[in-house]
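Structural description and commentary
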Amino acid sequence: MQRSTLRGQLSLPELMKDIGHLSSHIRVPSFPSALEGVLSNLCYFDTIIVVTYKKALKPILIYPSDPSEQSATLRMYLNKAYLLDPVFNAIQNGITPGVYRLVDMAPDSFEETEYYQTCYRNFDLVDEINILVDLDKTTTCAVSLGRQKAVGSIRRTELNNLKTVFPVLEALIHQFWLSQSGEYVERAPTTGPLKHALKTFAQGVLTGREQEVLGLLLRGHSSKSIANELGISAGTVKVHRKNIHARLDTSTQSEIFTLFLNHLDSLDREAN
């Protein structure tokens, strides 16, 4: 994919030209590519993916559509690891549509998780900006723009560009989905890891409370954050974490992450 260039504030004539160009692509398959071009004039990014999330189904990758641009890490995300993603979980929790940095959605210890080390580190991303659009009552579109370390975090001017234009982008993306969703929905997987995957992981081995602690731990919550979420002391959380490792015969979060991915595989086999 092309690299965008660092941008300052976009002038009104340039913006109107870009919006007009994007509008002309609403009813054709080239809309996502045209969207990338418009966004590149608002904000620098090294990577872009467009994904839709629907209840109880795996995400649908809208862009890039060329299989050669889909890395093994991206395929793992789409098939399994998305359940631990802050973006997916924010959508499940009813986040308001808008423009967000990943750091504003992620739990406090997210960068220490094996999921982060496996997925985000492989992309060498230092920042990610997500444009979230509700397509219907059960489907949300996320346009994720990744920035690599060489450039650094998003600048305030760029973030303001995206927030200013968001209402127009939201309307155009919604219209694109109304006219072209059939093409993507037809090739969507009919089954996938269910929402209860975290609840069923290690069921019968861990207690209900230990499962809750483990689910939050996998998603990137620290002991303090888990304590706040569950209304228990940080000391109690540490005891639960020790018991979890003992019951699962693990010593690192990496080993637990591998067990969780295997659990998702088993859910897939059962569903199929």
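Please read all numbers here as calculations on a predicted model, not as lab measurements.

**Brief notes about helix α1 (residues 12–23)**
Compared with the 16 Å implied by 1.5 Å per residue over 12 residues, the 16 Å span of α1 between its first and last C-alpha is a close match. If you check which residues of α1 are buried, you get Leu15, Asp18, Ile19 and Leu22. Around the axis of α1, the buried residues are gathered within 100 degrees of arc, so they sit on the same side. Projecting away from the buried face of α1 at angles above 90 degrees are the exposed residues Pro13 and Lys17.

**Comments concerning the nonpolar core**
The biggest cluster of nonpolar side chains holds 48 residues, and the ones touching the most others in it are Tyr53, Val87, Tyr115, Tyr120, Leu214 and Leu218. Discounting chain neighbours no more than four positions away, the residues touching Tyr53 are Pro59, Tyr77, Asp85, Val87, Phe88, Ile91, Thr138, Thr139, Thr140 and Ala142. One finds Cys43, Ile60, Val99 and Val165 within the second-largest nonpolar core, a separate group that totals 36 residues.

**Notes on the packing of aromatic side chains**
One pass over the structure, following the stated rule, counts six aromatic pairs. Measuring from ring centre to ring centre gives 5.8 Å for Phe110 and Tyr115, while their planes differ by 50 degrees; the resulting arrangement is tilted. Tyr115 shares its class with Phe110; the two are buried. Summarising the aromatic geometry, the rings of Phe201 and Phe260 are spaced 5.3 Å apart at their centres and angled 70 degrees between planes, so their arrangement reads as edge-to-face. Residue Phe201 is located in the loop between α7 (197–200) and α8 (208–219), and its partner Phe260 is located in helix α11 (residues 253–271); the two are separated by 59 residues in the primary sequence. Phe201 gets classed as buried once you look at its relative accessible area, which sits at 5%. We classify Phe260 as buried; its relative accessible area is 0%. Three or more aromatic residues joined by ring pairs form one cluster here, namely Tyr53, Tyr82 and Phe88.

**Quick word on the side chain of His240**
Within the secondary structure, His240 is located in helix α10 (residues 234–248). Judged by its relative accessible area of 15%, His240 is buried. When near neighbours in sequence (up to four residues on either side) are disregarded, His240 contacts Arg209, Glu210, Val213 and Ile232.

**Some points on the sheet that holds strand β1 (residues 47–54)**
Reading across the sheet, the five strands line up as β2-β1-β5-β4-β3 and stay open at both edges, with antiparallel pairing between neighbours. Two strands lie at the open edges of the sheet, namely β2 (60–63) and β3 (98–101), each paired on one side alone. Each strand of the sheet is rotated relative to its neighbour by a mean of 25 degrees, with strand direction disregarded. Sheet topology places β3 next to strand β4 (residues 125–134); four bridges connect them, and they run antiparallel. Bridge pairing links Arg101 to Ile129 in β4.

Rules used in this analysis
Residues numbered from 1 in each chain as written. Predicted model: local features only at pLDDT ≥ 70, side-chain atom pairs only at ≥ 80, totals over all residues. Heavy atoms only, no water. Helix = DSSP H or I, 4+ residues; strand = E, 2+ residues; numbered from the N terminus. Expected span 1.5 Å × (residues − 1). Buried < 20%, exposed > 50% of the residue type's maximum accessible area, 1.4 Å probe, protein only. Arc of directions from axis to C-beta. Core = buried A, V, L, I, M, F, W, Y, C linked by side-chain atoms within 4.5 Å. Contact = heavy atoms within 4.5 Å. Phe/Tyr/Trp six-rings, centres within 6.5 Å; stacked < 30°, edge-to-face > 60°. Pairing = 2+ DSSP bridges. Axes fitted to C-alpha atoms, helices over the stretch in contact; angles between N-to-C directions.

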